[in-house]
Number of protein chains: 4
Amino acid sequence: MPAVLTHNAYGKSQVRLTKVSRHADRHDLKELSIAIQLEGDFVASYTSGDNSRIVATDTMKNTVYALAKKHPFSAIEELGELLARHFLESYGHVSAVTVDLMEQPWQRMVVDGKEHPSCFIRRGDEKRTATVMLTRKEKHVESGLDNLLILKTTDSAFSGFIQDPYTTLRDADDRIFATVLSANWLYSAPPADWDQAHGQIRQAMLQVFAGHKSLSVQHTLHAMGSAALDACSAIEAITLRMPNKHHLLVNLQLFGMQNNNEIFVPTDEPYGLIVGTLRRG
Amino acid sequence: MPAVLTHNAYGKSQVRLTKVSRHADRHDLKELSIAIQLEGDFVASYTSGDNSRIVATDTMKNTVYALAKKHPFSAIEELGELLARHFLESYGHVSAVTVDLMEQPWQRMVVDGKEHPSCFIRRGDEKRTATVMLTRKEKHVESGLDNLLILKTTDSAFSGFIQDPYTTLRDADDRIFATVLSANWLYSAPPADWDQAHGQIRQAMLQVFAGHKSLSVQHTLHAMGSAALDACSAIEAITLRMPNKHHLLVNLQLFGMQNNNEIFVPTDEPYGLIVGTLRRG
Amino acid sequence: MPAVLTHNAYGKSQVRLTKVSRHADRHDLKELSIAIQLEGDFVASYTSGDNSRIVATDTMKNTVYALAKKHPFSAIEELGELLARHFLESYGHVSAVTVDLMEQPWQRMVVDGKEHPSCFIRRGDEKRTATVMLTRKEKHVESGLDNLLILKTTDSAFSGFIQDPYTTLRDADDRIFATVLSANWLYSAPPADWDQAHGQIRQAMLQVFAGHKSLSVQHTLHAMGSAALDACSAIEAITLRMPNKHHLLVNLQLFGMQNNNEIFVPTDEPYGLIVGTLRRG
Amino acid sequence: MPAVLTHNAYGKSQVRLTKVSRHADRHDLKELSIAIQLEGDFVASYTSGDNSRIVATDTMKNTVYALAKKHPFSAIEELGELLARHFLESYGHVSAVTVDLMEQPWQRMVVDGKEHPSCFIRRGDEKRTATVMLTRKEKHVESGLDNLLILKTTDSAFSGFIQDPYTTLRDADDRIFATVLSANWLYSAPPADWDQAHGQIRQAMLQVFAGHKSLSVQHTLHAMGSAALDACSAIEAITLRMPNKHHLLVNLQLFGMQNNNEIFVPTDEPYGLIVGTLRRG
């Protein structure tokens, strides 16, 4: 029996774009990386090498540059929808377009106490992300953030877990809690202002992280997700992914010293990984 | 209305393990990286910080080392099932266990024309992968390979694609075709020999890649997937992911030279990305 | 003739350390990565496997944790000197100790407009670095910064360069100038305050970068280095390393559009690399 | 007093090149990454932005492609010398040219037991390297290898080292020895065949690594370096850099099991780092 192609998709990834908007008094700067994937009736290209329905991925790349020039856009969610709509409207045989966008953060450099109009500095590895998925019937916009490294030195415990024959971890009533937060949330309706909604959700999560009397990563994840839902009524669900960046307390007794929660080894592997999705009840 | 936790999972990732099996005439070496995720009734830990049903991720790490010692295993699929079964059988409130395994390849060093019994050399970035997912009712085993970089210098064309206002790519009748193959396949039943099945599927895909008169990445992906299904009756479906590692022909006419498909710039970004899933018809 | 060992050194690298200083009103946090290399009379360990004069690299790691506990330190330069001095004073056969330190930046999280006493956020990939090298006769302290990504959207030109048969680059009178600054400077004497000196030098370089009418990367590098020497009398020399993170102007004329210095492709490779060392005249 | 520019250099890095040599019966494939740095009289570009003596780094990139096309070359050392000579001969104000070359390994794919004439597979992360440095008076050619991961499961001990108050490491009489070898050697005269010389030196080092009764990394490094000098009379010195990729024995006694040197955790950090240079006596 011959094989059946049950799923196919293709597109261009890591299309990098820097856009400078040159205003009289200042320049604005955006740096993005974009990935586009098309689904639709492309079976003949797979089965017989018939490319007559194929939009070249090189064309997709050009389209990103052309549309980014043609249309002023502020939030990455807007550019994502522009691109998705373009492919869906241009090609009847395309059934779904997914655009993933990632924004690298640039901040204005502060010189002599003032923000410079045309000079920028990269602040942090935190990325702003968005995924826009459009079909003939549906629109699905998720926004998020990625790679946000946060740490608290107190108000974090972990105890009362299961003791089994392979358990060696001791209860901790005051440990370092560090994570690289990744979160994405689904909009039920477009917010009035994408940037403002993003800022509110981000700030709500950070505020909870800072203030929470954490009994576990799970516990804090849930509180952060709840706060995000409270902070922005335009979102219906949020998923958080919180790897536990373990900080191991160094045993200094061997050297005749007491380690009063002062000296730690930060480790990258192995790491605990906690995920959860919360939805408006 | 309060938030509802609609999905949760947690576990330990990047648990690294080297196992040396010391036989009289030779040592065998395996290097793995393992991730475990549990699903089940953990809601109280999220909502109220009640850890009484939580298996610490540190315990999961210890369990990997203990079971890897206790049970001889040959293929990573076997270790994956051992681990998944352990957590499901030990804890009634766990409903699903997912174990992802990745094997780093070591080969025996050849000294004086002979394979050395206890000395090894890392060959390649190609990884062997497996995912074992167990619930109270189901078992799901996927195997795969990742990061296999292959390239052909001829028998690859791409032409006849859509010309739209943003198209600048020219037809190519003889281009370099390079990709970093990632594939994973679903077993309908355990094969007689995991290693042999893996080898047959891998070899079938490589053989097609080498010999195919490729009219596009899609075209070759489909042929490779079909060959994999043909090569091993124990699998019911296979997904291939083939990024197009573009090699750009350098324009040497500016320097008075003809570039007869000789001098290229290999690039990492942007890249075309082609995916497809084939299922036994 | 037998081989002669003309140079040898060994040590421990990537010793990671997080130190939390717990004050009544706030916690301070430092995250470091440290590498130690010893030189001295270790020849017998190389030639005959005699380890009697070898300080195990594992011992070096323990020493880092013990000294970081014992001695309060503020700047990484201080910890570097403590460590170097320890090995030189403990072992008469050690002739030189080099300690490389790298500090990962953490900032206090701002919650409700106030800096939080125990919650931190990672800001940026910029690292603060130091190298302390001690012998029986000399002390050599270099400090620096690494991985500081900066960009200006105007006041950067590059023209009038050599035209040869392989030149295709056009003169640019207004291009994007982006670089990942790495700099290190040599102290002639310890400054009154390591942190303050570091801040002055860093700020002097950034201010010049922002304001300079750049005619080339070389031109701006020189101006930045001069400003650093002016800013801190305790340093006698500075080396800057400035890769040119090229931003390629996209040709949109093919699509009937004018690209008024708006749409660029940021690229990682290939990249120009400009270095220079300035010394007080 | 004004600052003095005491050192300057600039060039292009990560110029990537794939060259396909199309023979009647087979295609040959080389993939390189090249960096060029020029030294010379460039002071005016630094101090006053006068670019009249500047070869644009973009021109250097073009030169790589043009010369790689014009001149057949087999070993990377040959291309390095071609490039260095080009810049020195074309520009009287250039005093020194350094060309770093790195070759990514491709092997012919084996299909039906035969090497395929035009299909290739990436084998390993090991790189072949070369540095060619030319001045008006000197030529300096170093070749090397990088990122060669090797491991032996026996014949490695480490004992008798210094016991001090911070020592906790126990003597080991049979441990795993793993390293990522990096080596480079200086030719006193060009060998008859660059590839053959490289192969002999590499094989000599591997053979010693496999067979050596190692008493420490230092001990084996010295033996490997000596063997390299013996294997190829055209080299006068060799430097080896051997990070110790520690494999930690897991304590299974807590679970009632004996770990007979079977179960290890491979770790990336911290790591011992041992270096040494041997010269013909």
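Here we take up the overall build of chain A. Regarding its fold elements, chain A presents five helices and 12 strands. With respect to the principal axes defined by its C-alpha atoms, chain A has extents near 75 × 70 × 40 Å. Looking at chain A residue by residue over its 281 residues, the buried ones come to 48%. Sequence-distant contacts, at least 24 apart, represent 62% of the contacts inside chain A between residues at least 6 apart.

This part covers the relation of the copies chain C and chain B. Overlaying chain C on chain B yields an RMSD of 0.0 Å, the required transformation being a rotation through 180° with an accompanying axial translation of 0.0 Å. Both chain copies can therefore be described as sitting about a two-fold axis. Comparing contact sets, 100% of the residues at the interface of chain C also lie at the interface in chain B, consistent with an isologous, same-surface contact.

What follows concerns the interface of chain C and chain B. Counting from both sides, the interface comprises five residues of chain C and, opposite them, five residues of chain B. The class makeup of the residues in the side of chain C that touches chain B is four nonpolar, one polar and no charged.

This part is about the packing of helix 2 (residues 57-70) of chain B against helix 3 (residues 76-90) of chain B. Residues and elements named next belong to chain B. Orientation of helix 2 relative to helix 3, taken along the N-to-C sense of each, is 125°, at an axis distance of 10 Å. It follows that helix 2 is oblique to helix 3 by the angle criterion. Seen from above, helix 2 lies across helix 3 with right-handed handedness. Contacts between helix 2 and helix 3 involve Thr63, Val64, Leu67 and Ala68 from the first element and Leu79, Leu82, Leu83 and His86 from the second. In the contact of helix 2 with helix 3, the residues fall into six nonpolar, two polar and no charged.

Turning next to the packing of helix 4 (residues 194-211) of chain D against helix 5 (residues 217-231) of chain D. Residue and element names in this part refer to chain D. Closest axis-to-axis distance for the helix 4/helix 5 pair is 8 Å, and the angle between their directions is 145°. You can see that helix 4 and helix 5 cross each other, and the crossing is right-handed. Residues Gln200, Ile201, Ala204, Met205, Val208 and Phe209 of helix 4 form the contact with helix 5, whose participating residues are Thr220, Ala223, Met224, Ala227, Ala228, Asp230 and Ala231. When its residues are assigned to classes, the contact of helix 4 with helix 5 shows 10 nonpolar, two polar and one charged.

Scoring rules and cut-offs
- Residue numbers restart at each chain and count upward from 1, following the sequence in its written direction.
- Here the convention is simple: chains get letters from A, ligands get numbers from 1, in the order in which they are written.
- Selection of residues for local features in this predicted model requires a pLDDT of at least 70, selection of side-chain atom pairs for listing and counting requires 80 or more, and totals for whole chains, interfaces and linings are taken over all residues.
- Counting from the N terminus, the helices are DSSP H or I runs at least four residues long and the strands are E runs at least two residues long.
- Exposed residues have 12 or fewer other C-beta atoms within 10 Å of their own C-beta, buried residues have 20 or more, and residues in between are partly exposed; the C-beta atoms are placed from the backbone.
- We call two residues in contact whenever the C-beta atoms placed from their backbones are within 7 Å.
- Copy-to-copy alignment: least squares on C-alpha atoms, limited to residues at pLDDT 70 or above in both.
- Each residue is assigned to one of three groups, with Ala, Val, Leu, Ile, Met, Phe, Trp, Tyr, Cys and Pro labelled nonpolar, Asp, Glu, Lys and Arg labelled charged, and all others, Gly among them, labelled polar.
- A fitted line through C-alpha atoms serves as each axis, taken over the contacting stretch for helices, and the angle formed by two N-to-C directions is quoted from 0 to 180°.
- We call two directions roughly parallel when the angle between them is under 35 degrees, roughly antiparallel when it is over 145, roughly perpendicular when it lies between 65 and 115, and oblique otherwise.
- We call a crossing left-handed when the near helix sits turned anticlockwise from the far one by less than a right angle, and right-handed when that turn is clockwise.

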